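Listed here are the chains, written in short residue letters.
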Amino acid sequence: MAKILVTGGLGFIGSHTVVELINSGYEPIIVDDLSNSDPKILDQLAKIIGYKPPFYKLDLCDEQGVAELAKKEADVAGIIHFAAFKAVGESVQHPIKYYRNNFYSLINMLNGYNGKPVNFVFSSSCTVYGQPDKLPVTEDAPVKPAESPYGNTKQIAEEILIDMQKAGSSYKVISLRYFNPVGAHGTALIGELPNGVPQNLVPFITQTAIGKREKITVFGDDYNTPDGSCIRDYIHVVDLAKAHVAALKLMETEEFKGYDMFNIGTGTGSSVLQVIKAFEQSTGEKLNYQIGPRREGDVEQVWGDVTKSKNVLKWQTELDLDVMMQSAWEWEKYIAQNPL
Ligand code: WQD
């Protein structure tokens, strides 16, 4: 079976991708520094896939450590690179921490396997678009000045990968520009594990519903949108995970050359108030929410044009907002009963 290194493989998206890799006959090898994940996720994965995948605890900023990994696991067919710090607000407070970690880890990985025919999938983000001029946003839309150091690390990382390709590289590379990943695995055994107070909408919703948070604040209802609240393209994390398998498969074909990038979303926008309503209707839980001031740095509305992903990546989403909300809720109830 083709070995795939999954950096950040114990994280929210990484762990779901490990499951889909196995479902598609790959052999995932997890690398994670545990800075934003829990080693108990390995046990949770074993409950789903029947065994614990090989796991290396490694900070990818450790150049020597990565070189040793590349020697030990020399015959990988692919790398899916999730490992990065990703909290937008924190990146504004601690930019150097973000630039150091996100670039050192990427460059060490690229150096580690340089010269080897590796299929490299990069975890990028719709953040690179900022507030698009035209919606839905297509992959050839102009990349806007980043709204945060986190977003800047994604933009510059894409440029690093493109420049590497132009210089002639043994890698094939696909960047996946995620929209908003939400939800949890259908078994409710893995899901999102926010550190401390959740920054993102859906974990805040489920923590409010379970009683961990007193209420949720809608950050502004005075935007130029139908109900006044911000619009995003929410995508089920399992659909997102499957996009990584599709990217590997595309790079395994003869016709794929060099570098490409794809929007990974549903192609539909949902407002904050619509998500709250979908949560209440799909779970039967009443949410205590209030309208508050806008959050600094939020874009008003963004959702993806996913035509290219459908036609070229041969991938599209299958799970709707109700399933996203139900699975997120089942996971919240699971971890309330079974703290990791
Ligand atoms: C969604 C909407 C908030 C919390 C960020 C990153 C992006 C990606 C996903 C990493 C916004 C509103 C939120 C709350 C609210 N991260 N909201 N009350 O900001 O679109 O994207 O996370 O890759 O790169 O930028 O996601 O979930 O934080 O916010 O009203 O308590 O929900 O204002 O409109 P965002 P989010």
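Starting from 1, residues in each chain are numbered consecutively following that chain's sequence as written. The predicted origin of the model limits local features to residues at a pLDDT of at least 70 and limits the giving and counting of side-chain atom pairs to 80 or more, whereas totals for whole chains, interfaces and linings rest on all residues. For side-chain calculations, the full set of non-hydrogen atoms in the structure is used, while hydrogens and water are omitted.

A. Layout of the overall build of the protein. When helices and strands are tallied, the protein shows 11 helices and 13 strands. Taking the principal axes of the C-alpha coordinates as reference, the protein spans close to 55 × 45 × 40 Å. Burial statistics for the protein: of 340 residues in total, 54% are counted as buried. Sequence separation of at least 24 residues holds for 80% of the intrachain contacts in the protein that already meet a minimum separation of 6. Carbon and sulfur atoms make up 51% of the accessible area of the protein, which amounts to about 14,700 Å² in all. Considering the protein, the positive charge centre built from 32 side chains and the negative charge centre built from 42 side chains are found 2 Å apart. Counting from the N terminus, the helices are the DSSP runs of H or I reaching at least four residues and the strands are the DSSP runs of E reaching at least two. Categorising residues by exposure relies on relative accessible area from a 1.4 Å probe, with only protein chains included: less than 20% of the type maximum marks a residue as buried, more than 50% marks it as exposed, and the intermediate range marks it as partly exposed. Contacts between residues were defined by any pair of non-hydrogen atoms, one from each residue, lying within 4.5 Å. The accessible surface values rely on the Shrake-Rupley method and a 1.4 Å probe; as for residues, cover is taken only from the protein chains in view. A residue counts as positive if it is Lys or Arg and as negative if it is Asp or Glu; His and the chain ends are not included. Positions of charges follow a simple convention, taking NZ of Lys, CZ of Arg, CG of Asp or CD of Glu.

B. Region of the structure containing the site of the ligand. Nearness is judged by heavy atoms alone; a residue qualifies as near a molecule or strand once a single heavy atom is within 4 Å of it. Close to the ligand lie 19 residues; T127, Y150, T217, R232 and D298 are nearest. In the model, an oxygen atom of the ligand is placed 3.4 Å from a nitrogen or oxygen of the Q199 main chain. Here a polar contact is taken to be a pair of N or O atoms separated by no more than 3.5 Å, where protein atoms must pair a possible hydrogen donor with a possible acceptor and residues adjacent in sequence count only if both atoms sit in side chains. Residue N200 places a side-chain N or O atom 3.0 Å away from an oxygen atom belonging to the ligand. When the free accessible area of the ligand is taken as 690 Å², the share hidden by the protein chains comes to 90%. Of all the secondary structure elements, the ones that give two or more residues to the shell around the ligand are α7 (201-209) and β8 (216-219). Among the elements that take part in the shell around the ligand, β8 stands out by supplying four residues, more than any other. Polarity classes work like this: nonpolar for Ala, Val, Leu, Ile, Met, Phe, Trp, Tyr, Cys and Pro, charged for Asp, Glu, Lys and Arg, and polar for all others, with Gly in that last group. Taken together, the residues of the shell around the ligand sort by class into 10 nonpolar, six polar and three charged.

C. Molecular detail of the environment of Y223. Positionally, Y223 belongs in the loop between β8 and β9 (231-232). Sequence-wise, Y223 and R294 are 71 residues apart; in three dimensions their C-alpha atoms are separated by 8.8 Å. Excluding residues within four positions of it along the chain, Y223 makes contact with G228, S229, C230, R294, R295, D298 and E300.

D. Summary view of helix α5 (residues 95-112). To estimate how far a helix should extend, the number of its residues minus one is multiplied by 1.5 Å. When the terminal C-alpha atoms of α5 are compared, their 25 Å separation across 18 residues agrees well with the 26 Å that a helix rising 1.5 Å per residue should span. If you check which residues of α5 are buried, you get Y98, N101, N102, F103, S105, L106, N108, M109 and L110. At its buried positions, α5 is contacted by β1 (3-7), α3 (63-72), β4 (78-81), α4 (88-93), β5 (119-125) and α6 (149-166).

E. Region of interest: the environment of N311. Within the fold, N311 resides in helix α10 (residues 307-313). Look at N311 and you get partly exposed, because its relative accessible area is 44%. Counting along the chain gives 235 residues from N311 to V76, while the straight-line C-alpha distance between them is 28 Å.

F. Just the sheet that holds β4, in detail. Strands qualify as paired when DSSP identifies two bridges or more between them. Overall, parallel pairing links the seven strands, which are arranged β3-β2-β1-β4-β5-β6-β11 in an open sheet. The open sheet has two edge strands with one neighbour each: β3 (55-57) and β11 (259-264). Pairwise comparison of adjacent strand axes, ignoring direction, gives a mean angle of 20° for this sheet. In terms of strand pairing, strand β6 (residues 172-178) meets β11 through six bridges, oriented parallel. Opposite L176, over in β11, you have F262 as the bridge partner. Its contacts with the sheet place helix α8 (residues 237-251) against β1, β4, β5, β6 and β11, and it is angled at close to 160° to β6. Where helices are involved, their axes are fitted lines through C-alpha atoms of the stretch in contact, as for all axes, and angles between N-to-C directions lie from 0 to 180°.

G. Broad picture of the pattern of salt bridges. We define a salt bridge as a contact between a side-chain nitrogen of Lys or Arg and a carboxyl oxygen of Asp or Glu at a distance within 4 Å. Under the counting rule described, the total for this entry stands at 15 salt bridges. In this structure, D75 and K3 form a salt bridge, with 3.4 Å as the shortest nitrogen-oxygen distance. With a gap of 72 residues between them, D75 in the loop between α3 and β4 and K3 in strand β1 connect regions that are remote in the sequence. Between K286 and E280 there is a salt bridge, and its shortest N-O distance comes to 3.0 Å. By relative accessible area, which is 16% here, E280 ends up buried. Connected through salt bridges with shared partners, the residues K3, E73 and D75 form a single ionic network.

H. Up close: the nonpolar core. By size, the foremost hydrophobic cluster in this structure holds 37 residues, and its most contacted members are L21, L45, I174, L176, L248, I264 and L313. Of all the secondary structure elements, the ones that give two or more residues to this core are β1, α1 (12-23), α2 (40-49), β6, α8 and β11. At 10 residues, the largest contribution of residues to this core is made by α8. The definition of a nonpolar core used throughout is a set of buried Ala, Val, Leu, Ile, Met, Phe, Trp, Tyr and Cys residues joined through side-chain atoms within 4.5 Å. Within the second largest apolar cluster, 26 residues are counted, among which are I29, L58, V118 and M261.

I. Representation of the state of the cysteines in the model. In this description, the term disulfide denotes a pair of cysteine sulfurs within 2.5 Å. Under the defined criterion, the tally for this structure stands at zero disulfides. Not engaged in a disulfide, the cysteine C126 finds its nearest cysteine sulfur in C230; these two sulfurs lie 12 Å apart. Residue C230 is classed as buried on the basis of its relative accessible area of 4%.

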